[in-house]
Amino acid sequence: LGDDDDTIEIDADEEFAGIEDELQEALWDAGLDEEIEITILPGDFETDSRRADYTSALDAGRGSPDIFMMDSGWTMPFILREQVLNLEEELSDETLEYVENDYLDAAVDTATHPETGELFALPFFPDYPMMNYRKDLVEEAGYDPEGEDWSTTPMSWQEFAEVVEDVWDYHGGEDGDYDYGFTTQAQAYEGLSCCTFNETMTSWGGAYFGDHENLFGPVGDRPVTVNEEPVHDTIRMMRSFMYGPDEDDTLDDFPQISNSDLVEFGEEEARSPFTGGNAIFMRNWPYVIPIHADEGEGEIGTMPLPYGVEEGEGEYEGTGGSSHALGGWHFTINPNSDNVDESLQVLEAVASETVMNTVFEENGNPPPVPEVLENADPDAVGPMGDHLDTLAFVAERTVPRPVTDVWPDQAASIYQEVHDAYTGEKTAEEAMSDLEGQLEGSEE
Amino acid sequence: MATEQPPGEDTRLLMRPLNWLETKSEAVYAYFLLAPAFALLALVAFYPLFQTLRYSLFADETAGADPFGEFVGLSNYVDVLTGNADVPRQFIDITTTSGFPFIELGSPFLRQALFVTLAFVIISVFFETLIGFGQALVLDQDFKGNRWVRVAVIIPWAVPIVIQGMIFFLIFNPNIGFGSDLMQGLGIFGSNPLASTRDGFIIVTVADIWKTAAFMALLILAGLQSIDRSLYDVAKVSGATPWQRFKYITLPLVAPALIVAMLFRTMDAMRIYGLIDASVGCSTVPSMTCLVIISLEQTRRWATASAVAFLTAVVISVFVLVYLVFLRDSGGDLQ
Amino acid sequence: MSTEEEQHPDIAAQQQAAGEPEIDRGLIEGWAAKMISNPERAYKAAFYTFTIAFLVTTLFPFYWLFMLALTPSGQFGRDSIVLTPGGFDPSLLAEGDITMGTNPGAFIEVFTTLPFHRFVFNSFLIATIGTVLVLFVASLAGYVFGRLQFRGKTPLLLLVLIVSFFPPAAFFVPLNRLFNRNFDVLAPIIADGSLYNHPSAIIIPVSALYLPLAIFILMVFYAQIPDGLEDAARVEGTTRLGALFRVIVPLSAPGVATAGVLSFITIYNEYFFSSLMTDGRAENWAPMLEGVLGFQGQYETLFNLMAASSIIAVLPIAILVIVAQEKIVSGLTQGAVKE
Amino acid sequence: MANVKLENITKRYEDVTAVDQMNLDVEHGEFLTLVGPSGCGKSTTMETIAGLTLPTEGTVEIGGRDVTDLPPKDRGISMVFQNIALFPHMDVYDNISFGLRLRKYDQEEVDRRVEDAADIVQLEGMMDRMPSEMSGGQRQRVAIARAIVRDPDVFLMDEPLANLDAELKVHMRTQLQRLHKQLDTTIIYVTHDQAQAMTMSDRIAVINSGVLQQVASPLECYNKPKNLFVAGFIGSPSMNFMDGEITEDGFSSEYATVNFDPDAHGVDVGQQVTMGIRPEDVHLERDQSNAAEATRTFNVVTDVLEPMGDEQFVYLLMERDVEADAEGRGEGQLLMSLGPDEDIAEGEEISVVFDREKIHLFDTNSGDAIVHGLQPKSVPEP
Amino acid sequence: MANVKLENITKRYEDVTAVDQMNLDVEHGEFLTLVGPSGCGKSTTMETIAGLTLPTEGTVEIGGRDVTDLPPKDRGISMVFQNIALFPHMDVYDNISFGLRLRKYDQEEVDRRVEDAADIVQLEGMMDRMPSEMSGGQRQRVAIARAIVRDPDVFLMDEPLANLDAELKVHMRTQLQRLHKQLDTTIIYVTHDQAQAMTMSDRIAVINSGVLQQVASPLECYNKPKNLFVAGFIGSPSMNFMDGEITEDGFSSEYATVNFDPDAHGVDVGQQVTMGIRPEDVHLERDQSNAAEATRTFNVVTDVLEPMGDEQFVYLLMERDVEADAEGRGEGQLLMSLGPDEDIAEGEEISVVFDREKIHLFDTNSGDAIVHGLQPKSVPEP
Ligand SMILES: Nc1ncnc2c1ncn2[C@@H]1O[C@H](COP(=O)(O)OP(=O)(O)OP(=O)(O)O)[C@@H](O)[C@H]1O
Ligand SMILES: Nc1ncnc2c1ncn2[C@@H]1O[C@H](COP(=O)(O)OP(=O)(O)OP(=O)(O)O)[C@@H](O)[C@H]1O
Ligand SMILES: [Mg+2]
Ligand SMILES: [Mg+2]
């Protein structure tokens, strides 16, 4: 365990631990003092366990690791508690400016203290969902994704559903070779609240707390807007997808393109049938692309997520149009570390194109700076190369996560109620009015 | 010759306090031997529990660096019991969930967590005892290959909880496993077992029985093995049928071991969490400990979590008292 | 259900020999007649039925786990895995693919993807030390509660028991603070002076939380040993404590072995503290649990590797059970343990 | 009718043959006692009859039925175990009433019977003690009560009185005899106590190393032992033996000669024989009138005296230089019993005679008895 | 020097006083036997001496040291337990050598000693048997070997020979006596066997209900019992008792009178006394010469005969219509012992005399002995 003093411990995950050497080189190339070495700890893959680990480490005032890689979904509570180092006072102005001006805004928002506007975390890479589809199957059914430029032209949900129904029917429909026309995540879990439901609702012009600027607070001083038509419609549309339009509480003009298994699906459950050649369309994160390239069946295509109402036509600012929940990870510094200065130097180096490109090339994680993504060399980034334009497109149409200190409570309420509505325990209106009550309760 | 002069008189330092102890009264001796256990428990259990009890008397602070706000006395407990607390809306409101016969009992804590937990405890402990006893009786026999049967029966207990949960989760996973189709075919499960409280409850219960019947079997087997076999001879001559020998000799003589096994199984089942978390998830089958963990890990409401933990302990203690009465009656030496 | 104890095992042997020449009666009819005329046979049949039922129900999930481990990761989601691994296709054998479309390599990938052996070793070590600690401390306490009479016994026993009333989470926050605190005294022994990332940070709490069960088990078994034997040992020249370890403990072999197995398994499989008291690195004493979880990501879960690693992780326990069951079943107590 | 018949019973453990080819016929209503040295197979025989142990060979019949394959409960027996084996979790009442409750006797009947049994073993007022709170003798009495409460056809009792004091032993002995008559049951009994064996039994079965030696009435075993083993085993203190040879004149050994006509006693001159004489058949010369017919006088030296209260045992050396071996008796040594008041000291020289009618002759090699009691003298002794 | 001294020892269990104010002084090298009815507190006394039970009151001294607070292992004792208490998980060798191995004797010494001890109890060749594979007597012998292998200062033996056959009992008895002399140890012994108590002990301590009744040499206890209890308890079969009253002429009861001068015997006219006479002191009229001085003749009817081999017991009814009660003896009933060859039948009318010198008188109320042996007659009897 003899860490010599110059080794900076970064707690990340197994995948980053695998590219430790490449990262080290990139950091040095980006100007890091050659004396400073990094070591990457393979933290828990599971985001919840990672949060629990970091909570206990910071609560106990533990000095290691020096740098945390935190999910943008739960960095905010640490910032609010000021348990991580305030970078605003420590980083060079140059870097601070770079972050402020060039980084993806939605990512920076989740790394900044909402009241003071100070930067507490350095976005490392963002994550955006895309609509994946089996290009081969779609083409067999007579569509021409490339010709119609699916990769950067979002469809409406209506169009999308019809396309799916058509392709699915072409391949035998429910009783054919493919059990699912479309898979997504509708399990009762955090991902439903922050992402899948959030982005779909946004594309329908709905919102949890009105305008998007309210997503980060101020808690207690913002409207709760879940019990409204666009939100109800989002639920009804999903019910149509799962149960068909003949069921209660559905939208008549949306066909059935999947089945109720979706209410048990998280990312992996949605991916398995797709990779395994049992589904045609799938909403998921870019990680599926390298996997599909490895072991998947057929050719994968990507496009932006469909929209419910046209961009800008939502009732609240920031809603409407193709919307993509923003995932991703930040670096934060452990204030109890003995190596705060060195750690800051590492962060300075991380905020460089060299490092961003290395990460993108090695691990497929998109750079946090859109411009870097646009300049990326498609041949150098492996299977991601075919999807750069979609990635770039969705990176500009993201929905930030509504992270505040009360978000964990609210997230639980949201996915519970939405899930109840999906499974038909409650009607969409009942569920949303219950949810409204609970959210208002927690906003006090 | 008559005086004993052992060649190697024990002069090791260790022996001195032991010899000193020999002459002390039974009580002093008892306290001395209990010292290590209580030292360990004091450090790892009593001290933390005392702290946790303290925490539960403060307000939750979700924003500041210190997770505790001002002193609020028992109001966390009151809030939890009356449903005012910000325990996460992690729990399905059972009363409106179809197909599972729960009664309306008041606050979410009582109505959901407590009720789910109690149902789980009663069903799982009942079946585990029954099956464990059956297994122990089989294992107690002398037959060829019993060594391997024994290993086979006990081995599920050795499966890490994560994996136990994963196995059952995957068996009922619509993509990978066959369980859902099978059970749906039999008309037992609805369409989304992993999302339905009723079906999820059954999955968790079955998974728990699968694993922990072995625990009962092991303890009961050890109890069976400790019975003086000549008592069976006496009983046989007295005219006892196998069933009567079981009822009058085996059962009362393994009763202390059995009750201890059931006691600890009950306490464990009351705290069920890992299995749920690893299989169907806390939102499908909310248990009392789910409530604690989620308050603790997810929403960082440590005061509320502490209060819920203590309430859990109170519920468990009620059960334990019942057991202790039985244990005393069964001749387990408590007085 | 107590089938065999009805009669001596040698009866069974004789009866089987005697039962031979009745084959030519109607099969079922003959069988039923035998059952009625010979209840022993019925017990025997019931016994085998139960044994087989128990075997199938306990082993099937393992079999299934094994099939899961053999399934290549690309095969998930294609077909349900029932009796054969996903992607299993015997016709591939003809094409020279002896794996028949399965992926036995998972059992090797487990070690190449992560240092899984080190995780298992860590757990093994932690569980061994913890078990020894638990057995020793619980033996002393179980002896006191099982065999001595003194004032304050019941309250103390309840105090021990109370520990088991609380979910492990109830202990976590204070313990985490305690174990992460830097104690200067510890600095020379343990890097950076705190117990974090040190095996004792898992051993101590997990042993202590398992202690009540061990104490209760041992209490029950120790209480059953007749006083006479302990007296004899004391007259022969042991101290009271000597009598405990030379006579009471060996005579309670079934109980001690049971407590030992349960303790080992509990610590080996412990979920809560194991995942929180180290940073998850094998070289920092992270237990097997972290290894298994290492195959599970937020996105991609390597189900086959998890299954393979589970099977591998269970092996030490299986060996332990094989060894310990001899003790549990040793009929030491036959015959001479009597009042 | 509950006779018990063992046919060719053999029980082998791994390295020991505990019972060897035993044939035994116990009649209905008989009181048969098994005696024999420790480890000779008495308990094993009992267990075989009870059905607790399966014989390696042979069959057991009870009441004319072959019960070899029947479980104990269907054999109509009850048993007192040598190791007592009370149920530790039941109090005295429950221990005693166990068999009755199994058979669902009604409560009153159970109470009545338990009371009777407790009365017989003098355990009144201890009904709610637990076994661990009783003395050794008290436990044994509970075990007896548990067996007698059930009136079965056959009682098996393995050392039931070992832990009782003399008075209680006599009491229990009488009680058992009375019970035996009253209930008209067959009793098979194991004891190491000669007094019990002699007074209670209709017949005694003497066993050695698993082999039946003699089955006969107590007095027959005492007076006409079938072989050296029985002669030595029955009677306490046991018979004196002298190894010698038959001469023309009768018996002759290093230390003693006894004259008789070899032909009339069916022995051959030169045959190796062992002479046996019981301690009470050795008389002081002055008391020789007590003997039916006295042998010649032997001059001996008294060695050790053992006063017993109602009699005293005197160890005699046939010659002064004989060294008493460990057991106090051996070649050239002799034990006699005297009245308690005979005035005798250690180291005294005295003269004794044997009672000719009480002299036994055994073939030294086979051990079989040849003659019990010499015939009246035809030639006067020197 | 290893004397044992109990001072004022009392042991109370919840509802029983097992030992009551016991004062007992056992000298170095003495062989003291505790006797008494089942449950009288013998084992409890032994446990107190061993230190296994803490007395409620009183102190124990061994070798002049107060050991009341010493653990058993430091008291220099070894013990044979009534319940045998072999370690079931150890074979014979390990059982016997347990104490030696604890004391870290070297292997050779252990082997030698174990061999010697096994020799004494005749257990050679059974060294690797487990207790569960042995007969009752074999187990008991292991227990004895375990105790003697260690040569302690004091041996405590609680019924060590109960499960042995007569021959082995005699053998073991002699061995223990020899050991006792050789090792010069103190032995405290519990037995229910009169023969053992009488032959082995230097002194006997008679206990009843936890209270010490008499401590004296065996013959003294036999011939001069201190009270009714001791008189009845010592001797087998036990003494005949008759309750009566002192008249001017001596003793008078419903069934018998015996003449003597009350004044010369320290009794008052009208005092309630119990007369005691041992079975062997009742003689047939025709044998009255065997009595030192005979009383008047009593006409009795023989009831039950018990032939014992070396003697026979005859139950007599003082009057024909007396009904024999359960124990065979009671008011108006009498037991006598006769030689084995006396020709006598049940139901016969015979005349008997008592030996005046062997008549005991006890105060009926207090039970204390008044006189042992009447003085020679001054007045001729009718
Ligand atoms: N643990 C106990 N609790 C209550 N009473 C007891 C206990 N042990 C012994 N006794 C009682 O104390 C009395 C004396 O018992 P002890 O064992 O000393 O008798 P003993 O003289 O050895 O009898 P025995 O000859 O039958 O062995 C008995 O009445 C017995 O019932
Ligand atoms: N389970 C066993 N395994 C091996 N040998 C045994 C077993 N049980 C008994 N024996 C042996 O069989 C022989 C007969 O034993 P048994 O118990 O019948 O003797 P016993 O006549 O009752 O003796 P005792 O008078 O000492 O009780 C003994 O030599 C004994 O050691
Ligand atoms: Mg026996
Ligand atoms: Mg006793």
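Residues numbered from 1 in each chain as written. Chains lettered and ligands numbered in written order. Predicted model: local features only at pLDDT ≥ 70, side-chain atom pairs only at ≥ 80, totals over all residues. Heavy atoms only, no water.

Here's the deal with the pattern of salt bridges
Residues and elements named next belong to chain A. Here is the rule: For this document, the term salt bridge refers to a Lys or Arg side-chain nitrogen within 4 Å of an Asp or Glu carboxyl oxygen. A run of H or I in DSSP counts as a helix once it spans at least four residues, and a run of E counts as a strand once it spans at least two, with each numbered from the N terminus. Residue burial is assigned from relative accessible area. The probe radius is 1.4 Å, only protein chains are included, and a residue is buried under 20% of its type maximum, exposed over 50%, and partly exposed in between.
Following the criterion strictly, the structure yields 47 salt bridges over all chains and no others. The partner of Arg50 in a salt bridge is Asp11, and the shortest N-O contact between them spans 4.0 Å. With Arg50 in helix H3 (residues 47-60) and Asp11 in strand E1 (residues 7-12), the pair connects residues that are 39 residues apart, well separated along the chain. Overall, the relative accessible area of 5% leaves Asp11 in the buried class. A single salt-bridge network, built from bridges that share partners, covers Glu229, Asp233, Arg236, Asp249 and Glu429.

A closer look at the state of the cysteines
For clarity, the threshold we go by: Whenever a pair of cysteine sulfur atoms sits within 2.5 Å, that pair is classed as a disulfide.
Under the counting rule described, the total for this entry stands at two disulfides over all chains. For Cys194 of chain A, the disulfide goes to Cys195 of chain A, at an S-S distance of 2.3 Å. Residues Cys194 of chain A and Cys195 of chain A are joined through a disulfide that is left-handed, its torsion about the S-S bond being -85°. Take Cys194 of chain A and Cys195 of chain A: they sit in the same class, and that class is buried. Residue pairing for Cys282 of chain B: its cysteine sulfur links by disulfide to Cys290 of chain B, the two sulfurs lying 2.1 Å apart. Here the S-S torsion is close to -80°, and the disulfide linking Cys282 of chain B with Cys290 of chain B is therefore left-handed. We note that Cys40 of chain D lacks a disulfide partner, and the nearest cysteine sulfur, in Cys221 of chain D, lies 14 Å from it. Overall, Cys40 of chain D belongs to the buried group, its relative accessible area being 2%.

Let's talk about the coordination of the magnesium ion (ligand 3)
Residues and elements named next belong to chain D. Rule in force here: In this description, a donor is an N, O or S atom within 2.8 Å of the metal centre, a cutoff extended to 3.2 Å for sodium, potassium and calcium. Water is not part of the atom list, which can make sites seem incomplete.
Donor atoms from the polypeptide that bind the magnesium ion (ligand 3) are Ser43 (OG) and Gln82 (OE1), placed at 1.9 to 2.1 Å. Here Ser43, found in helix H1 (residues 42-50), pairs with Gln82, found in the loop between strand E6 (77-80) and helix H2 (92-102); they are 39 residues apart in sequence, far enough to count as distant. Accessibility expressed as a relative area gives 19% for Ser43, which makes it buried.

Some words on a negative patch on the surface
All names here are of chain A. Which entries qualify depends on this criterion: By definition, no residue in a patch forms a salt bridge, and every one has over 30% relative accessible area; like charges are joined within 9 Å, nonpolar side chains (Val, Leu, Ile, Met, Phe, Trp, Tyr) within 5 Å. Residue exposure ignores everything except the shown protein chains as possible cover, and the areas themselves are Shrake-Rupley values with a 1.4 Å probe. Residues counted as positive are Lys and Arg, residues counted as negative are Asp and Glu, and His and the chain ends are not counted. In plain terms, the charge of a residue is placed at NZ if it is Lys, CZ if Arg, CG if Asp and CD if Glu.
Taken together, the side chains of Asp21, Glu22, Glu25, Asp29, Asp33, Glu34, Glu35, Glu37, Glu361, Glu362, Asp377 and Asp379 make up a negatively charged region of the molecular surface. Listing elements by their share of the negative patch, those giving two or more residues are helix H2 (20-29) and helix H14 (353-363). A per-element tally of the negative patch places H2 first, with four residues. Mapped onto the elements of the fold, Asp379 is located in the loop between helix H15 (370-374) and helix H16 (388-395).

Some details on the site of ligand 1
Our working rule: What makes a residue near a molecule or strand is one non-hydrogen atom of that residue sitting within 4 Å of it. Under the rule applied, a polar contact is a pair of N or O atoms within 3.5 Å (in protein, one hydrogen donor and one hydrogen acceptor; residues adjacent in sequence only if both atoms are side-chain atoms).
The environment of ligand 1 is made up of 20 residues, and the closest members are Arg129, Ser135 and Gly137 of chain D together with Ser43 and Thr44 of chain E. Surrounding ligand 1 is a set of residues that belongs to chains D and E. At 3.1 Å, a backbone N or O of Glu133 of chain D approaches an oxygen atom of ligand 1. Thr44 of chain E places a side-chain nitrogen or oxygen 2.5 Å from an oxygen atom of ligand 1.

Notes on the sheet that holds strand E18 (residues 333-338) of chain D
Residue and element names in this part refer to chain D. Definition in use: Note: two strands are recorded as paired if DSSP finds a minimum of 2 bridges between them. To obtain each axis, a line is fitted to C-alpha atoms, and for helices this fit is confined to the stretch in contact; angles are then taken between N-to-C directions over 0 to 180 degrees.
Pairing is antiparallel in the open sheet, where five strands are placed in the order E15-E19-E16-E17-E18. The sheet terminates laterally at strand E15 (282-284) and E18, the two strands that pair on one side only. Between one strand axis and the next, the sheet turns through 50° on average, direction left out of account.

A closer look at the packing of aromatic side chains
Put simply, the test is: Planes of paired rings set the category: under 30 degrees apart is stacked, over 60 is edge-to-face and the rest tilted, where pairs are Phe, Tyr or Trp rings (Trp by its six-membered ring) whose centres lie within 6.5 Å. Sitting over a ring, as applied to charges here, requires NZ of Lys or CZ of Arg to be within 6 Å of the ring centre and within 35 degrees of the ring normal.
Tallied over the entire structure, the rule returns 55 aromatic pairs over all chains. Between the aromatic rings of Phe87 of chain E and Phe98 of chain E, the centroid separation amounts to 4.7 Å while the plane-to-plane angle is 55°, which identifies the pairing as tilted. With a gap of eleven residues between them, Phe87 of chain E in the loop between strand E6 (77-80) and helix H2 (92-102) and Phe98 of chain E in helix H2 connect regions that are remote in the sequence. Taken together, the aromatic side chains of Tyr133, Tyr143, Trp150, Trp157, Phe160, Phe182, Trp204, Phe241, Phe254 and Phe281 of chain A make up a single cluster linked through ring pairs. Seen from the ring of Tyr29 of chain B, Arg240 of chain C lies directly overhead, with NZ or CZ sitting 4.4 Å from the centre.

Looking at the interface of chain B and chain D
Interfaces are often described in size by the accessible area the parts lose on coming together. Put simply, the rule is: By the convention used here, residues are in contact when the closest approach between their heavy atoms is within 4.5 Å. Once two parts are brought into contact, the accessible area they lose, counted with a 1.4 Å probe and summed over both, makes up the buried area. The classification used treats Ala, Val, Leu, Ile, Met, Phe, Trp, Tyr, Cys and Pro as nonpolar, Asp, Glu, Lys and Arg as charged, and all other residues, Gly among them, as polar.
At the junction of the two partners, chain B supplies 16 residues and chain D supplies 22 residues. Across the interface of chain B and chain D, roughly 1,600 Å² is buried in total on both sides, 73% from carbon and sulfur atoms. In this assembly, chain B and chain D are joined by zero salt bridges. On inspection of chain B and its partner chain D, the count reaches five residue pairs in polar contact (both at pLDDT 80 or more). Those elements giving two or more residues to the side of chain B that touches chain D turn out to be helix H9 (230-238) and helix H10 (242-270) of chain B. Per element, the largest residue contribution to the side of chain B that touches chain D is eight residues, and it comes from H9 of chain B. Split into classes, the residues belonging to the side of chain B that touches chain D amount to nine nonpolar, five polar and two charged.

Looking at the UniProt feature "domain: ABC transporter" (unreviewed entry) in chain D
Put simply, the rule reads: UniProt positions are given in the numbering used here, feature names are shortened, and annotations may be inferred rather than shown by experiment.
Under the UniProt annotation, the feature "domain: ABC transporter" (unreviewed entry) is placed at residues 4-234 of chain D. In this annotation, residues 4-234 of chain D is assigned 36% helix and 25% strand; the end-to-end C-alpha distance for the span is 24 Å.

Quick word on the interface of chain C and chain B
Taken together, the contact between chain C and chain B spans 111 residues of the former and 111 residues of the latter. A buried area of about 10,100 Å², summed over both sides, lies between chain C and chain B, and 75% of it is on carbon and sulfur atoms. Joining chain C to chain B, the criterion identifies zero salt bridges. The interface formed by chain C and chain B contains nine residue pairs in polar contact (both at pLDDT 80 or more). By residue number, the principal contributor to the side of chain C that touches chain B is helix H3 (residues 39-70) of chain C, which donates 15 residues. For the side of chain C that touches chain B, a count of residues per class yields 76 nonpolar, 24 polar and eleven charged.

Let's talk about the site of ligand 2
Around ligand 2, the structure places 20 residues, and the nearest of them are Ser43 and Thr44 of chain D together with Arg129, Ser135 and Gly137 of chain E. What surrounds ligand 2 is not a single chain but chains D and E. At 2.4 Å, a side-chain N or O of Arg129 of chain E approaches an oxygen atom of ligand 2. Gly136 of chain E is positioned such that a nitrogen or oxygen atom in its backbone is 3.2 Å from an oxygen atom of ligand 2. Taken by itself ligand 2 offers 640 Å² of open surface, and the protein chains cover 89% of this. Counting only elements with at least two residues in the shell around ligand 2, the list comes to H1 of chain D together with helix H4 (136-148) of chain E. Residue composition of the shell around ligand 2, by class: five nonpolar, twelve polar and three charged.

What about the environment of Gly190 of chain B?
Residue and element names in this part refer to chain B. Position of Gly190 among the secondary structure elements: in the loop between helix H7 (179-185) and helix H8 (197-225). Judged by relative accessible area, which is 32%, Gly190 ranks as partly exposed. Once residues lying within four places of it in the same chain are set aside, the contact partners of Gly190 are Gln184, Arg198 and Asp199.

What about the layout of surface pockets?
Rolled over the atoms, a probe as big as a water molecule pinpoints where empty space is left. Spelled out, the test is: Both site types are read off a 1 Å grid over the protein atoms alone. A 1.4 Å probe that fits but cannot get out defines a cavity, while an open set with protein on both sides within 12 Å along at least five of seven lines defines a pocket; lining residues have an atom within 4 Å of a point. Grid points are joined across faces, edges and corners, and a volume is the space filled by probe spheres set on the points.
Of the voids in this model, the second largest pocket is the one considered here, and its volume is about 1,400 Å³. Elements with a minimum of two residues in the lining of the second largest pocket: E15 and E18 of chain D together with strand E15 (282-284) and strand E18 (333-338) of chain E. Grouping the amino acids of the lining of the second largest pocket by side-chain chemistry returns 17 nonpolar, ten polar and 19 charged.

Some points on the sheet that holds strand E2 (residues 37-42) of chain A
Residue and element names in this part refer to chain A. The five strands are arranged E2-E1-E3-E10-E4 in an open sheet whose pairing can be described as mixed. The open sheet terminates on both sides in strands that have one partner only, identified here as E2 and strand E4 (122-127). Going from strand to strand, the sheet's axes swing by 20° on average, the running direction of each strand aside. Summarising the sheet, E1 and strand E3 (residues 67-71) pair through two bridges and their orientation is parallel. Directly across from Ile10, in E3, lies its bridge partner Ile67. Together, E1, E3 and strand E10 (327-333) form the strand contacts of H3, whose direction differs from that of E3 by roughly 135°.

A word on the side chain of Asn95 of chain E
Residue and element names in this part refer to chain E. Summarising the element assignment, Asn95 is placed in helix H2. For Asn95, a relative accessible area of 0% puts it in the buried group. From its side chain, Asn95 meets the backbone nitrogen of Phe87 in a polar contact 2.9 Å long. Those residues in contact with Asn95 that sit more than four places away from it in its chain are Leu86, Phe87, Met90, Pro131, Val142 and Arg146.

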